[in-house]
Amino acid sequence: QVQLVESGGGLVQPGGSLRLSCTASGRTFSNHDMGWFRQAPGKEREIVAAIYWSGGYTSYADSVKGRFTISRDNAKNTVYLQMNSLKVEDSAVYYCAARIRGSAVYAYWGQGTQVSVAS
């Protein structure tokens, strides 16, 4: 089992920045790929960014490329999502998730943190 706890959400004005953190406990964090997902009211959950277990590969949704950066610190069992130039449409509940290296399924999920972008 991997337990995930997100933090760092909040209310920010358009154009502002937030950094989300997700700290893992349980099984070896460094053996898991990590992803950030989001879900807005009335919309399906979508993947925002992902990072391989080693940190050597990252991917982003087209809607956040150039604005969001995913990173991880395996020594701290933490994955981050730096969000810059936030837009109203970025408002959602953000979840971090983990999958064992080599698996296609994110089996472990955090409880989510709310990000609201509004003036």
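Keep in mind the model is a prediction, meaning the values are calculated, not measured. (Residues numbered from 1 in each chain as written. Predicted model: local features only at pLDDT ≥ 70, side-chain atom pairs only at ≥ 80, totals over all residues. Heavy atoms only, no water.)

1. Here we look at the packing of aromatic side chains
Turning to step 1, where the next piece is worked out: The final tally for this structure, using the stated rule, is four aromatic pairs.
Turning to step 2, where the next piece is worked out: Pairing Phe37 with Tyr106 gives two aromatic rings, centres 5.1 Å apart and planes at 80 degrees, and the pair type is edge-to-face. Of the two residues, Phe37 sits in strand 4 (residues 32-39) while Tyr106 sits in the loop between strand 9 (92-100) and strand 10 (108-109), which places them 69 residues apart along the sequence.
Turning to step 3, where the next piece is worked out: Taking the relative accessible area as the measure of exposure, Tyr106 reaches 13% and is therefore buried.
Turning to step 4, where the next piece is worked out: Pairing Phe37 with Trp109 gives two aromatic rings, centres 4.7 Å apart and planes at 55 degrees, and the pair type is tilted. Of this pair, Phe37 sits in strand 4 while Trp109 sits in strand 10; the two residues are 72 residues apart in sequence, bridging distant segments of the chain.
Turning to step 5, where the next piece is worked out: The exposure class of Trp109 is partly exposed, given its relative accessible area of 29%.
Turning to step 6, where the next piece is worked out: One residue, Arg45, lies across the ring of Phe37, its end atom 5.9 Å from the ring centre. (Phe/Tyr/Trp six-rings, centres within 6.5 Å; stacked < 30°, edge-to-face > 60°. Helix = DSSP H or I, 4+ residues; strand = E, 2+ residues; numbered from the N terminus. Buried < 20%, exposed > 50% of the residue type's maximum accessible area, 1.4 Å probe, protein only. Lys NZ or Arg CZ within 6 Å of the ring centre and 35° of its normal.)

2. Here's the deal with the state of the cysteines
Turning to step 1, where the next piece is worked out: Taken as a whole and assessed by the stated rule, the structure comprises one disulfide.
Turning to step 2, where the next piece is worked out: Cys22 shares a disulfide with Cys96; S-S distance 1.9 Å. For the disulfide bridge between Cys22 and Cys96, the dihedral angle about the S-S bond is near 45 degrees, and by the sign convention the bridge is right-handed. Taken together, the residues span a long stretch of sequence, with Cys22 in strand 3 (residues 18-26) and Cys96 in strand 9 at a distance of 74 residues.
Turning to step 3, where the next piece is worked out: Its relative accessible area of 0% is what places Cys96 among the buried residues. (Disulfide = S-S within 2.5 Å.)

3. Here's the deal with the nonpolar core
Turning to step 1, where the next piece is worked out: In this structure, Leu4, Trp36, Leu81, Met83 and Tyr94 are the most contacted members of the largest nonpolar core, which totals 29 residues.
Turning to step 2, where the next piece is worked out: Mapped onto this core, the elements with two or more residues apiece are strand 1 (2-7), strand 3, strand 4, strand 5 (46-51), strand 7 (68-73), strand 8 (78-83), strand 9 and strand 11 (113-117). (Core = buried A, V, L, I, M, F, W, Y, C linked by side-chain atoms within 4.5 Å.)

4. Structural notes on unusual backbone geometry
Turning to step 1, where the next piece is worked out: A positive phi angle is found at Asn77, which is not glycine, with a value near 55 degrees.
Turning to step 2, where the next piece is worked out: Its location among the elements puts Asn77 in the loop between strand 7 and strand 8.
Turning to step 3, where the next piece is worked out: At Ser85, a position not held by glycine, the phi torsion is positive, near 50 degrees.
Turning to step 4, where the next piece is worked out: Along the chain, the position of Ser85 falls in the loop between strand 8 and strand 9.

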